[in-house]
Amino acid sequence: MQWRSIVVALVVLRLTVSCLLWLAFGLGPSWGFNFPLNFNFNLHKIELFKQDDGESAKANSWSQRIHGHGDAQCRTSCASKEDSPKKSYLSLFEGDRDEYDRRYSSFPDTLKIKMKGMAKDMFYFGYDNYMKYAFPEDELNPIDCQGRGPDVLNPSNININDVLGNYSLTLIDTLDTLLVLGNVSEFHRAVKLVIDTVSFDKDSTVQVFEANIRILGSLISAHILLTDPKHPFGNVGLVDYDNELLHLAHDLAVRLLPAFENTSTGIPYPRVNLKSGVPPDSINETCTAGAGSLLVEFGILSRLIGDSTFEWVARRAVRALWKLRSNETGLLGNVVNIQTGQWVSKQSGLGAGMDSFYEYLLKSYILFGEKEDYRMFQASYESIQNHLRRGRESCNEGEGDPPLYVNVNMFNGQIMNTWIDSLQAFFPGLLVLNGDVEEAICLHAFYYAIWKRFGALPERYNWQLQAPDVLFYPLRPELVESTYLLYQATKNPFYLHVGMDILESLEKNAKVRCGYATLHHVVDKSKEDRMESFFLSETCKYLYLLFDDDNPLHKSENKYIFTTEGHVVPIDKRFREKQWNDLSPCEKVVPDQETSNGPFSNNSNCDRIPEERRYSLPLKSVYMRQIDHMVGLF
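Residues numbered from 1 in each chain as written. Predicted model: local features only at pLDDT ≥ 70, side-chain atom pairs only at ≥ 80, totals over all residues. Heavy atoms only, no water.

K.L.:
What should I look at first to understand the overall build of the protein chain in this one?
P.N.:
Helix and strand counts for the protein chain come out as 23 helices and 24 strands. Expressed as a percentage of the 634 residues in the protein chain, the buried residues total 59%. Sequence-distant contacts in the protein chain: of pairs separated by 6 or more residues, those separated by 24 or more amount to 71%. Roughly 26,400 Å² of accessible area belongs to the protein chain as shown, and the carbon and sulfur atoms make up 50% of that amount. (Helix = DSSP H or I, 4+ residues; strand = E, 2+ residues; numbered from the N terminus. Buried < 20%, exposed > 50% of the residue type's maximum accessible area, 1.4 Å probe, protein only. Contact = heavy atoms within 4.5 Å. Areas by Shrake-Rupley, 256 points an atom, 1.4 Å probe, with all protein chains shown as cover.)

Right, dumping it as structure tokens:
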């Protein structure tokens, strides 16, 4: 009888192993990240198995998952069907290909006009209620219809106090949006209110990064639009305007300068008190984006007033961070000690803490023409592609999963977690600016699929579990921004449908009595009583521009870019000319062999979308269905 027990035990063991293998390779999300198995990723190719003869099989875990669902019984038996023809796993997603074509291939002009009006109404519902119930405070609480300022009773509440400085944040942040919507009279009224009521001589401790992008950037943008009739709204000058917004911007920047003092590395402290400088209890840790995303605003200010100080300190911080990148991967970490230069967080990704660092390397080059900035961007982009990118090599061709950029250890490129955050949705827009339109199309489709599932983007989404890790959505603009830029690059009606879905979701899920509220929980749609300033300065602005083909920004012969807070900045010859000889006298920068600072040209690597694809889907139906399935839409 003992041999029978042994046989039964062996059978049970075999079935158990088979089931474990099926679970490992048949279920769960794709991209080949089924922990704790050690898969070897090589740039755009995924190597899942090593054959006995040493050849690598470039299979994909998503295909394994499909077989796991459709052929589970066969796989858990010993049956071998090597002689049967293998069918592409993508064939399981083909289905009714016309389903996506029917939905997305056209967008009537009448509907475009309706959506433009809807976006405009959305902005004014938030703006008018802010002015009625909240001004001169920083933000509107849209549920209680009250204003919100710094949390003076709890200085450690950095979620509020990093942003709110008791300086009418929402009004300042919204200035150029009023011009984008064509409301010159309200723009003039808002400018006068800022000039008459705003002072930065406040006992407020704010984050340098937030004050820079929201306040300094908006003041500079509004000043340029007021004083330069060539860009891009024509002559919208204000009678008796005497550069007051520029003076305010200069005053604020001077109050931020102490952050750059007394640091061993040149990387700034994360916070300053607008009256007294760096607080005595300030921490010595800051994130890469916070320290390295000051160059656009500080650089423009320096060139407007002829003082190199501001660009110099911002550029020194970027160079200091750049020197700390890994020698092995070329990647940077997320959080660094400003005194020791040691990385506190070794996570490297494209989301919170890192996003705008990469964005501003490219945008600084576009604005200032400094070759150093583009060299750093190109090197960063290559490291990102080598170590963060997973999925098939081509967006619109071939087998495998669509591209995804994951969070890795900066020193070895190993995956550190299985989530992406909503800030990463900016990256398709940056890809468009860099000319990589096809890659942008694929990545954008993934974030849009998450939006379709939840009617919002959760702050963190776990691609391994197909579920949110952090559930709130504070009305962020990144997906809308990428949608707008992709529409400008392709003119494909698909992106108008994306914008309409976002608009309708916001109207349905976020609108409350006096504005639009943060979603506390993207599943049950419960709300928090906060409307951040970027909702008006970015989210509404990009939605309106998406549907307004005749906007002056689109008709102007002059070129422009948006700052990371969505403020309009012209690409102007003035910003490519310095009134000083040596920007950084203590550091030597090796010049390119071609040192021309001529007009920015991106023709060398720009994907061209053929005319015949303009009214077909930007991403093939089979790949759209694949992505929808991967985020749990069906």
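K.L.:
Any chance you could explain helix α18 (residues 437-454) here in plain terms?
P.N.:
In an α-helix, one turn spans 3.6 residues; hence positions three or four apart end up facing the same way. The end-to-end C-alpha separation of α18 is 26 Å, in line with the 26 Å expected for 18 residues at 1.5 Å each. Among the 18 residues that make up α18, 15 are buried, leaving the element largely enclosed by the rest of the structure. Backbone geometry just after α18 places Gly 455 at a positive phi near 70°. (Expected span 1.5 Å × (residues − 1).)

K.L.:
What should I look at first to understand the UniProt feature "binding site: Ca(2+)" (unreviewed entry) in the protein chain in this one?
P.N.:
Per the UniProt record, the feature "binding site: Ca(2+)" (unreviewed entry) sits at Thr 564. With respect to the secondary-structure elements, Thr 564 resides in the loop between β23 (560-562) and β24 (568-570). If near-sequence neighbours (up to four positions away) are discounted, Thr 564 is found in contact with Ile 213, Ser 356, Glu 359, Tyr 360, Lys 363 and Glu 538. Side chain to side chain, Thr 564 and Glu 359 meet in a polar contact 2.8 Å long. (UniProt positions renumbered as here; feature names shortened; annotations may be inferred. Polar contact = N/O pair within 3.5 Å; in protein donor to acceptor, adjacent residues only side chain to side chain.)

K.L.:
I'm lost on the packing of helix α5 (residues 109-134) against helix α21 (residues 534-547) in this one. Help?
P.N.:
When two helices pack together, their arrangement is given by the angle between the helix axes and by the axis-to-axis distance. The geometry of α5 relative to α21 is characterised by a closest axis approach of 8 Å and an angle of 165° between their N-to-C directions. By the angle class used here, α5 and α21 are roughly antiparallel. Both α5 and α21 take part in a crossing whose hand is left-handed. Residues Lys 112, Met 115, Lys 116, Ala 119, Lys 120, Met 122, Phe 123, Gly 126 and Tyr 127 of α5 lie in contact with α21, whose contacting residues are Phe 535, Leu 536, Cys 540, Leu 543, Tyr 544 and Phe 547. (Axes fitted to C-alpha atoms, helices over the stretch in contact; angles between N-to-C directions. Parallel < 35°, antiparallel > 145°, perpendicular 65-115°, else oblique. Left-handed = near helix turned anticlockwise from the far one by under 90°.)

K.L.:
What am I meant to see in the nonpolar core here?
P.N.:
Nonpolar side chains tend to gather and get buried jointly when the protein is soluble and globular. Judged by nonpolar contacts, the single largest core of 173 residues is most densely connected at Phe 427 and Leu 506. Ranked by the residues each element gives to this core, the list is headed by α18, at 13 residues. (Core = buried A, V, L, I, M, F, W, Y, C linked by side-chain atoms within 4.5 Å.)

K.L.:
I would appreciate a short explanation of the pairing of strand β18 (residues 467-470) in the present structure.
P.N.:
Consecutive side chains of a regular strand alternate in pointing toward one face of the sheet and then the other. Bridging between strand β17 (residues 460-462) and β18 involves three bridges; their strand directions are antiparallel. Looking at β18, one finds that Asn 462 is bridged to Ala 467. Between β17 and β18, which pair antiparallel in sequence order, lie four residues; one of them, Gln 466, sits at a positive phi of approximately 55°. (Pairing = 2+ DSSP bridges.)

K.L.:
So what exactly am I meant to see when it comes to the side chain of Glu 532 here?
P.N.:
Secondary-structure assignment places Glu 532 in the loop between β22 (527-528) and α21. For Glu 532, the side chain forms a polar contact with the side chain of Arg 214, separated by 3.1 Å. In this structure, Glu 532 is in contact with Glu 139, Arg 214 and Pro 474, ignoring residues within four places of it in sequence.

K.L.:
I would appreciate a short explanation of the side chain of Arg 319 in the present structure.
P.N.:
By the element assignment, Arg 319 lies in helix α14 (residues 309-323). Its relative accessible area of 9% is what places Arg 319 among the buried residues. Of the polar contacts made by the side chain of Arg 319, one reaches the side chain of Glu 372; its length is 2.7 Å.

K.L.:
I keep staring at the sheet that holds strand β9 (residues 285-287) and nothing clicks. Help me out?
P.N.:
Read from one edge to the other, the open sheet built from three strands follows the order β9-β10-β11, with strand pairing classed as antiparallel. Each edge of the open sheet carries a strand with a single partner, namely β9 and β11 (343-345). When strand polarity is set aside, the average angle formed by the axes of neighbouring strands in this sheet is 35°. In terms of strand pairing, β9 meets strand β10 (residues 335-337) through three bridges, oriented antiparallel. The residue bridging Cys 287 from the neighbouring strand is Val 335, located in β10.

K.L.:
Help me out: how do you make sense of the sheet that holds strand β16 (residues 419-421) in this one?
P.N.:
Spatial ordering of the open sheet is given by β16-β17-β18, a layout of three strands whose pairing is antiparallel. Pairing within the sheet leaves two strands with one partner each, and these edge strands are β16 and β18. Averaged over all adjacent pairs, the angle separating strand axes in this sheet is 35°, with direction ignored.

K.L.:
In this structure, what is going on with the environment of Phe 547? I would like to understand it.
P.N.:
Mapped onto the elements, Phe 547 comes out in helix α21. It is 8.4 Å that separates the C-alpha atoms of Phe 547 and Gly 499, two residues lying 48 residues apart in sequence. Sequence-distant contacts of Phe 547, that is, excluding residues within four places in its chain, are made with Phe 107, Lys 112, Met 115, Lys 116, Leu 496, Gly 499, Met 500 and Leu 503.

K.L.:
Any chance you could explain the state of the cysteines here in plain terms?
P.N.:
Put plainly, two cysteines are in a disulfide when a covalent bond ties their sulfur atoms together. Within this structure, the stated rule accounts for one disulfide. For Cys 145, the disulfide goes to Cys 514, at an S-S distance of 1.8 Å. Its S-S torsion of approximately 85° makes the covalent link between Cys 145 and Cys 514 right-handed. Highlighted residues: Cys 145 in the loop between β5 (139-141) and β6 (146-148) and Cys 514 in the loop between β19 (511-512) and β20 (515-516), separated in sequence by 369 residues. Judged on exposure class, the residue Cys 145 and its partner Cys 514 are both buried. (Disulfide = S-S within 2.5 Å.)

K.L.:
Explanation requested: the confidence of the model for the protein chain in the structure shown.
P.N.:
Close inspection of predicted coordinates is inappropriate in any region flagged by low pLDDT. This prediction gives the protein chain a mean pLDDT of 85; 79% of its residues lie at or above 70. Counting interchain partners and residues more than four positions distant, the pLDDT-below-50 stretch residues 21-84 has 119 contacts. Low pLDDT, under 50, characterises residues 584-605; the stretch is placed with 32 contacts to residues that sit more than four places away or in other chains. (pLDDT = per-residue confidence, 0-100.)

K.L.:
Would you mind showing me how to read the UniProt feature "active site" (unreviewed entry) in the protein chain here?
P.N.:
UniProt records the feature "active site" (unreviewed entry) for Glu 210, Asp 355, Glu 459 and Glu 478 in the present numbering. Here Asp 355 is to be found in helix α15 (residues 355-368). Here Asp 355 falls in the buried class, since its relative accessible area comes to 12%. The residues contacting Asp 355, other than those within four sequence positions of it, are Ala 289, Leu 350, Leu 423 and Phe 426. Along the chain, Glu 478 turns up in helix α19 (residues 478-490). With residues up to four places along the chain from it excluded, the contact list for Glu 478 reads Ser 422, Leu 423, Ala 425 and Phe 426.

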